[in-house]
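A look at the structure
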Amino acid sequence: MLRYGTAAGRWVLLATVLGSSLAFIDSTVVNLALPTLGHELRADAAGLQWTVNGYALSLASLILVGGSLGDRFGRKRVFLTGVAWFAVASLLCGAATSIGMLIAARVLQGVGGALLTPGALAILEASFATEDRSRAIGAWSGLAGVGGALGPFLGGWLLEIGSWRSIFLINVPVAALVIAIAARHMPESRDPAAARRFDVAGVLTGAAGLGGLTYGFTAWPAHGVAHAAVLVPLAIGAAGLVAFVATELRSPHPMVPPRLFRSRSFTGANLVTFFAYAANGGVFFLVVVALQVVAGYPALVSGVAMLPVTVILLLLSARSGALAQRIGPRLPMTAGPLVCAAALLLMSTIGPHASYPARVLPAVVLFGLGLALLVAPLTATALGSVDDAHAGVASGVNNAVARAAGLLSVAVLPLAAGLGDGSLTDPAQLHPVFRNAMLLCAALMTAAGTTAFLTVRPQRAGEPDSSSPTRPGTRRFTSR
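To keep things clear, this report deals only with the structure shown in the data block. All values reported here derive from a predicted model rather than from experimental measurement. (Residues numbered from 1 in each chain as written. Predicted model: local features only at pLDDT ≥ 70, side-chain atom pairs only at ≥ 80, totals over all residues. Heavy atoms only, no water.)

1. Side note on the overall build of the protein
Within the protein, the regular secondary structure consists of 16 helices and zero strands. Split into buried and exposed, the 480 residues of the protein put 60% on the buried side. A total accessible area of about 17200 Å² is found for the protein, and carbon and sulfur atoms account for 69% of it. (Helix = DSSP H or I, 4+ residues; strand = E, 2+ residues; numbered from the N terminus. Buried < 20%, exposed > 50% of the residue type's maximum accessible area, 1.4 Å probe, protein only. Areas by Shrake-Rupley, 256 points an atom, 1.4 Å probe, with all protein chains shown as cover.)

Encoded structure:
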């Protein structure tokens, strides 16, 4: 087992952070380039949404597959495959000459992200000694969060000095570095009891459910609720999710073992994840666009505006994980989303010519503090409430919930906020939509905090979670 702070532990942590950051950065940096893409590729609002949703859809649909493949065939192997796939897809994104080509390449990027993302956390859970896992996951949460938050800054800088294509091409050397480090220093791990047969029906029904709902909600603004292009995908999506649940309950080798949800903490953590990441999806999709279109900020300044979130996550996430280890996860998981909700109420006041020090910075700092309280305890609780053998699928479930929440948020939030058939690049139309969207995101964060208080057990290190579905002879890891 690796120890936190040793050279081997640092190399593994670096590889997982850089690999995860590839997926995180590309889920945020494209938002900053949306106005440029709209003009250069002559894309309408639906095309721009699918530039985001195409990536998120394939990632969310297949991330459970990535976690299950890692448990069965080796987490390091699947992680490295995902990193290499992501690099090739990034090259295709950079070479796209139309919005359709870009969306297709983004879908392929999402496949690579689905292979690498759950493996990163599962590798940490399986590789580090028990007493060091909270610190390792806390450090990963902070550093990977930094990667995601740096996306707008990096994207703004690349847009200023070059082309939107560079925001994809820069992934290639980073992926090469990850492969070099992981191939040498990362240990292999797998679940020796995992079935070698694969849950094909679960993969197909889960993908159909997420894909149908996302397509239907994305088409709604252009066609209206009564149009077949909206009703048929929504019906397919709802039926797909029902079929997925039924399939997993009956399957002898389910992709998502239903017994995982017998753990109250695991179920609660995933509910909190859904509400919180639905809010995050809306924030990171709309804030950088609104700062450019409504407030009139240049692209680079819009990216830098969110930099305090990066600094706060870097400084406080590991400490937040250690705090949750001492006092239990319920308090920070309750307080964090409520602090974020207060920040989003402040963000809703951002309008034309908004002053950065007076109107933007206080909200950004408060939002960063809330995320720092929430993210590390939430991740550790989701993984630590099940046994080690299911580390990959537990990570896959939690990541799938987060990605699905963000995906549905990007599809639904502009509609719910009143965009209709309006434009994301028109200041007069975007301003009220942005205000309403931030209020809705604040409500989602409030729901996340309330859910954490009601469902997450307040146990401290060493206190067992009696609802955890561990099997006899397996290690019960319930210290978060």
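2. Let's talk about the packing of helix H10 (residues 264-293) against helix H16 (residues 427-455)
Axis separation between H10 and H16 bottoms out at 9 Å; the angle between their running directions is 160 degrees. Taken together, the axes of H10 and H16 lie roughly antiparallel to each other. Judged by the twist between their axes, the crossing of H10 over H16 is left-handed. Tallied by class, residues from the contact of H10 with H16 come to 24 nonpolar, five polar and one charged. (Axes fitted to C-alpha atoms, helices over the stretch in contact; angles between N-to-C directions. Parallel < 35°, antiparallel > 145°, perpendicular 65-115°, else oblique. Left-handed = near helix turned anticlockwise from the far one by under 90°. Nonpolar A, V, L, I, M, F, W, Y, C, P; charged D, E, K, R; others polar.)

3. Looking at the layout of surface pockets
Rolled over the atoms, a probe sized like a water molecule indicates the empty space that remains. What the largest pocket holds in volume is close to 680 Å³. In terms of lining residues, the largest pocket is bounded by 25 residues, among which Leu64, Leu241, Phe244, Phe261 and Val401 are the most central. Elements that contribute at least two residues to the lining of the largest pocket include exactly helix H2 (45-73), helix H8 (200-223), helix H9 (228-250), H10 and helix H15 (391-416). Partitioned by chemical class, the residues of the lining of the largest pocket number 20 nonpolar, four polar and one charged. (1 Å grid on protein atoms, 1.4 Å probe; cavity = no way out; pocket = protein on both sides within 12 Å on 5 of 7 lines; lining within 4 Å. Points joined across faces, edges and corners; volume = space filled by probe spheres on them.)

4. Concerning the side chain of Thr51
As for its placement among the helices and strands, Thr51 is situated in helix H2. The class for Thr51 is buried, based on a relative accessible area of 0%. For Thr51, the residues in contact, after removing those within four places along its chain, are Val30, Leu37, Ile99, Leu102, Ile103 and Arg106. (Contact = heavy atoms within 4.5 Å.)

5. Overview of a nonpolar patch on the surface
On the surface, a cluster of nonpolar side chains totalling about 470 Å² of accessible area is made up of Leu143, Val311, Leu314, Leu315, Leu316 and Leu369. Here the nonpolar patch gets four residues from one element, more than from any other, and that element is helix H12 (residues 307-327). Judged by its relative accessible area of 33%, Leu143 is partly exposed. (Patch = residues over 30% accessible without salt bridge, like charges linked within 9 Å, V, L, I, M, F, W, Y side chains within 5 Å. Salt bridge = Lys/Arg side-chain N within 4 Å of Asp/Glu carboxyl O.)

6. Considerations on the packing of helix H3 (residues 75-94) against helix H7 (residues 171-185)
Relative orientation of the contacting elements H3 and H7 amounts to 165 degrees, with a least axis distance of 9 Å. Classified by the angle their axes make, H3 and H7 are roughly antiparallel. Once H3 is placed against H7, the crossing between them reads as left-handed. Only Asn171, Val172, Ala175, Val178, Ile179, Ala182 and Ala183 of H7 make contact with H3, whose side of the interface consists of Lys76, Phe79, Leu80, Val83, Ala84, Phe86, Ala87, Ser90 and Leu91. In terms of residue class, the contact of H3 with H7 is made up of 13 nonpolar, two polar and one charged.

7. Regarding the nonpolar core
Formed by 131 residues in total, the largest nonpolar core has its most connected members in Phe79, Met347, Phe367 and Met438. When residues in this core are grouped by element, the largest group, 15 residues, is from H10. Once residues lying within four places of it in the same chain are set aside, the contact partners of Met347 are Val283, Val287, Ala363, Val364, Phe367, Phe434 and Met438. Within the second largest apolar cluster, five residues are counted, among which are Ala219, Val230, Leu234 and Leu408. (Core = buried A, V, L, I, M, F, W, Y, C linked by side-chain atoms within 4.5 Å.)

8. Side note on unusual backbone geometry
The phi dihedral of His353 falls on the positive side, at around 60 degrees, and the residue is not glycine. Judged by relative accessible area, His353 falls into the exposed class, the value being 75%.

9. Section: the environment of Met1
In this fold, Met1 is placed in the segment before helix H1 (7-40). With 125 residues separating them along the chain, Met1 and Ala126 place their C-alpha atoms 8.2 Å apart.

10. Description of the environment of Leu59
Within the element layout of this structure, Leu59 appears in helix H2. As for Leu59 and Gly110, which are separated by 51 residues in sequence, their C-alpha atoms are 4.3 Å apart. Discounting residues that sit within four places of it in the chain, Leu59 has contacts with Gly110, Gly113, Ala114 and Arg403.

11. Overview of the packing of aromatic side chains
For the coordinates displayed, the defined rule picks out five aromatic pairs. Here the aromatic rings of Trp164 and Phe168 are separated by 6.3 Å at their centres, their planes lie at 85 degrees, and the arrangement is edge-to-face. A relative accessible area of 0% means that Phe168 is categorised as buried. A cation over an aromatic ring shows up here: Arg330 above the ring of Phe453, its NZ or CZ 4.9 Å from the ring centre. (Phe/Tyr/Trp six-rings, centres within 6.5 Å; stacked < 30°, edge-to-face > 60°. Lys NZ or Arg CZ within 6 Å of the ring centre and 35° of its normal.)

12. With respect to the environment of Val12
Mapped onto the secondary structure, Val12 falls in helix H1. Its relative accessible area of 1% is what places Val12 among the buried residues. Residues Val12 and Ala182 lie 170 residues apart in sequence; the distance between their C-alpha atoms is 6.8 Å. With near-sequence residues (within four places) excluded, Val12 lies in contact with Leu2, Ile123, Leu124, Phe128, His185, Met186 and Pro187.

13. Here we look at the side chain of Asn270
Along the chain, the position of Asn270 falls in helix H10. In this structure the side chain of Asn270 is engaged in a polar contact, spanning 2.8 Å, whose partner is the backbone oxygen of Phe266. One polar contact links Asn270 to Asn398, side chain to side chain, over a distance of 3.1 Å. Each residue touching Asn270, except ones within four places of it in the same chain, is listed here: Val397, Asn398 and Val401. (Polar contact = N/O pair within 3.5 Å; in protein donor to acceptor, adjacent residues only side chain to side chain.)

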